[in-house]
Amino acid sequence: MKKYTVTFLFSLLPFVLFMNYSVATLSQESEDAQQQFEDNTSLEQESDEAPAALDEILDNQETKKQGPLDSSTTTKDDSAATEDSETPVEDEPAVRISKVKIHGAKVVTKQQIEEIIGTEFPSIKFWVKKPPFDEEVLKDDMIRIQRLYANNGYYDAKATYDPKYNKDETRVEIKITIVEGEPVILTDIDLKIEGDLSDKVKKQINKSVPLKVDKTFSPNGYQQTKGVISEILSNNGYPKSDIEGEALVNRREKWARAKFVVKPGLRYKFGVMKVEGNEDVASHIVEREAGFKEGEIFSLSKINETQANIFQLGLFRSVVIDPVYNEEEQIADVAIVVKERKQGSVKIGGGFGTEDKLRGQVIWTQRNFFGGGRRLEVAGKFSFITQRIETSVIQPFIAGKNSELSGTLNFQRDDVPSFKGRSFLSTVALSKDFWKYYSVFSSLNLQFSRIQDSATRTPEEKSRENFFLTFINLGFSRDTTDNILNPTRGTVISTGLESSFTALGSDVNYLKGTIELRGYKKYRGIVFAKKFTIGVIQPFGSTQTLDVPIFKRFFAGGSTSMRGYPFQKLGPLDDKDDPLGGNSLLVGSFEVRYPIYGDFGGVAFLDYGNVYTDEWSFPLQDLKYAPGLGLRYDTIIGPVRFDVGYALNPEPGIRRIQFFISIGQAF
């Protein structure tokens, strides 16, 4: 046990070092991309100030308070005096914050409060020093909290604090108590639209405005209403609209009335498009990503879509789109200004997982390879169970927008519990995304594999070492999730069909089909997630059940499927307890993901399923079950997770408790 622990900690050290390096690198890339991905659409719209009534959001306590909230407004002499006064006496230890509790916050979240106040919350990391306590800052924080509530329609909210010191007054626990009071209710909204707008646009405006009669009125909602109206008009050909507004708020009687006058202005159509700043990348590669055509009604959303499409090509470090309005002809010409990035790049990454231990990868990419916007990628990926060298050429826009044609050569070595082997795989694939959420995929594949040390049941299985396969893949998916790394809302439906025929030169005949369903729903900060996967391999012709190559069979168990079982160990095993795989698969999971503190979160899960030898065999009485708990820590590359699964009905030789460490959610 001691040896295992030391080995585990030693193997974890490079992962921690890599995470520090990787997160810093990716953070820098993210900041650079964000800085360059500008939206400069030059909307000529006047932004009205909120009415005076909206500024009266603080009580007499704030009005009487003369001290500034922003220290930058102090004079030079005052700043110096403040700095001198804050210099701690060497013999007097600073008071530090050990805990901050917030009570009574229902309308706004504790996270919102933490973001706007100046008092720093102590970290749960024991090695991080506790923040210093400044009561003057805390006093101002009470006003900031009241302002936050006022902006959400609770003008009479009160916030107080109660510090509790330890005996030597070096630590303090802060209790913040909030009395939210009653909200101001909107009793009437007068929305007047001047000019000629279609009934469709009018209905869209009336339906979409955040402010609703008999609901809470707030300055935030007031400003959001103006923004929503402006956005709807901009997407329907009116980019230079003018929205005037006023509000009457009675804080004593808790009612408000709002009035908006909407002046759409001229309606524009798209004019000519011009690309500037490109040197090595041809202009037509940029122009074909446009989400609009000349003569169409102007739409700001199509401008933003075009900008995103161009940026996602990976050829540019900045993309700026600037409409130029011609009032006489009511035409908006579009200038697209790009700055090219270096076309060659190298990415280095690594990580750690309980299944593949240490892993790393090196990817060299050459963009705009011989023109046409195509990419050349050479990747080396290595871990304790798989080593792979892969070369790919990707041609975008092969079948219109959001489509790719790729050719890949793959050399791979596997050392997994079920077998050891080497493979060469050549693939030609075509993929296309459409209708925002949908995508299709097809590929033709040639594979030669040499298998060693395979788990077997019969002498015939053991004698088969070399396999040549010619197979076709077809796939379809619908993905409405909100985040690819850590989804909290939406659904995923994906299907796949793989077919191998001896008529095409393959050694075996089979059809392999899978269906996977995933769903996510967030309620009060808690994410409910579920997954269900079913699969069948149907051999035909001269191919029998046990003739399907082991590297094509179904396996389950491990960090992403059945966490009560080790990697690939769910299902039939040979006499050495090595996994044999099967021709039928049924697995599922249900998770409850909840926040703990800061970037830390917890998970409670129930996994179930099994792998069966025969095709179309799903005896429910043989399902295995594994509840468990997990811990998550969010990073910019996805959550780092630690899971503990407990097998309720394990097979002989399988330990009931399994531990897993990996990156990314289980599904």
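Residues numbered from 1 in each chain as written. Predicted model: local features only at pLDDT ≥ 70, side-chain atom pairs only at ≥ 80, totals over all residues. Heavy atoms only, no water.

Attention shifts here to the overall build of the protein. When helices and strands are counted, the protein shows 11 helices and 25 strands. Considering the protein as a whole, with its 667 residues, one finds that 40% of them fall into the buried category. In the protein, once contacts between residues fewer than 6 apart in sequence are set aside, the share between residues at least 24 apart is 61%. For the protein, the computed accessible surface area is about 36,300 Å², with 54% contributed by carbon and sulfur atoms. (Helix = DSSP H or I, 4+ residues; strand = E, 2+ residues; numbered from the N terminus. Buried < 20%, exposed > 50% of the residue type's maximum accessible area, 1.4 Å probe, protein only. Contact = heavy atoms within 4.5 Å. Areas by Shrake-Rupley, 256 points an atom, 1.4 Å probe, with all protein chains shown as cover.)

The subject of this paragraph is the packing of helix α7 (residues 199–208) against helix α8 (residues 219–234). The description of two helices packed together rests on the angle between their axes and the distance between the axes. Taken N-terminus to C-terminus, the directions of α7 and α8 make an angle of 155°; their axes are 10 Å apart at the nearest point. Here α7 lies roughly antiparallel to α8, going by the angle between them. Handedness of the crossing formed by α7 with α8: right-handed. On α8, the residues that touch Val201, Gln204, Ile205 and Ser208 of α7 are Val228, Ile229, Ile232 and Leu233. Residue composition of the contact of α7 with α8, by class: 6 nonpolar, 2 polar and no charged. (Axes fitted to C-alpha atoms, helices over the stretch in contact; angles between N-to-C directions. Parallel < 35°, antiparallel > 145°, perpendicular 65-115°, else oblique. Left-handed = near helix turned anticlockwise from the far one by under 90°. Nonpolar A, V, L, I, M, F, W, Y, C, P; charged D, E, K, R; others polar.)

A separate point is the layout of surface pockets. Volume-wise, the second largest pocket comes out at about 1,300 Å³. Lining the second largest pocket we find 37 residues, and of these Gln111, Pro595, Ile596, Tyr597 and Gly598 sit closest to its centre. Secondary structure elements with two or more residues in the lining of the second largest pocket: β1 (96–103), α5 (110–116), β21 (584–597), β22 (600–612) and β23 (624–633). Counting residues per element, the lining of the second largest pocket draws most heavily on β21, which supplies 5 residues. Across the lining of the second largest pocket, the residue classes tally to 14 nonpolar, 10 polar and 13 charged. (1 Å grid on protein atoms, 1.4 Å probe; cavity = no way out; pocket = protein on both sides within 12 Å on 5 of 7 lines; lining within 4 Å. Points joined across faces, edges and corners; volume = space filled by probe spheres on them.)

On to the packing of aromatic side chains. Scanning all chains against the criterion turns up 20 aromatic pairs. With a centroid separation of 5.3 Å and 70° between ring planes, the pair formed by Phe434 and Trp435 is classed as edge-to-face. What makes Phe434 partly exposed here is its relative accessible area of 24%. Given the relative accessible area of 69%, Trp435 is considered exposed. Where Phe600 meets Tyr633, the ring centres are 4.7 Å apart and the plane angle is 55°; that geometry is what we call tilted. Here Phe600 is found in strand β22, whereas its partner Tyr633 is found in strand β23, with 33 residues between them in sequence. In this structure Phe600 comes out as partly exposed when scored by relative accessible area, which is 23%. (Phe/Tyr/Trp six-rings, centres within 6.5 Å; stacked < 30°, edge-to-face > 60°.)

The end-to-end C-alpha separation of helix α10 (residues 300–311) is 17 Å, in line with the 16 Å expected for 12 residues at 1.5 Å each. Taken together, the buried positions of α10 are occupied by Leu300, Ile303, Thr306, Gln307, Asn309, Ile310 and Phe311. (Expected span 1.5 Å × (residues − 1).)

In this section: unusual backbone geometry. Among all residues except glycine, the phi angle is most often negative; among peptide bonds, the trans geometry is most common. In this structure, Lys436 is a non-glycine residue whose phi angle is positive, near 70°. Along the chain, Lys436 turns up in the loop between β15 (419–434) and β16 (438–452). Even without being glycine, Asp453 reaches a positive phi, approximately 50°. Along the chain, Asp453 falls in the loop between β16 and α11 (459–463).

The sheet built from 3 strands is open, its strands ordered β4-β6-β5 with mixed pairing. Both outer strands of the open sheet, β4 (185–193) and β5 (242–250), are each paired with one neighbouring strand and no more. Neighbour-to-neighbour, the strand axes of this sheet turn through a mean angle of 10°, independent of strand direction. Across 8 bridges, β4 lies against strand β6 (residues 255–263) in parallel orientation. In the sheet register, Asp188 faces β6, and the bridge partner there is Arg257. (Pairing = 2+ DSSP bridges.)

Moving on to the pattern of salt bridges. Counted by the stated rule, this structure contains 23 salt bridges. Here Glu591 and Arg632 are joined by a salt bridge, their closest N and O atoms 3.9 Å apart. Pair noted here: Glu591 is in strand β21 and Arg632 is in strand β23, with a separation of 41 residues, a long-range link. For Arg632, a relative accessible area of 4% translates into the label buried. It is possible to trace a salt-bridge network through shared partners that takes in Arg563, Glu591, Arg593, Asp607, Arg632, Arg641 and Asp643. (Salt bridge = Lys/Arg side-chain N within 4 Å of Asp/Glu carboxyl O.)

A separate point is empty space enclosed by the protein. Under the criterion given, the structure shown has 1 cavity of 30 Å³ or more. The calculated volume of the largest cavity comes to roughly 90 Å³. Lining the largest cavity are 13 residues; nearest its centre among them are Ser454, Glu461, Phe467, Ile550 and Arg553. Residues belonging to the lining of the largest cavity are distributed by class as follows: 7 nonpolar, 2 polar and 4 charged.

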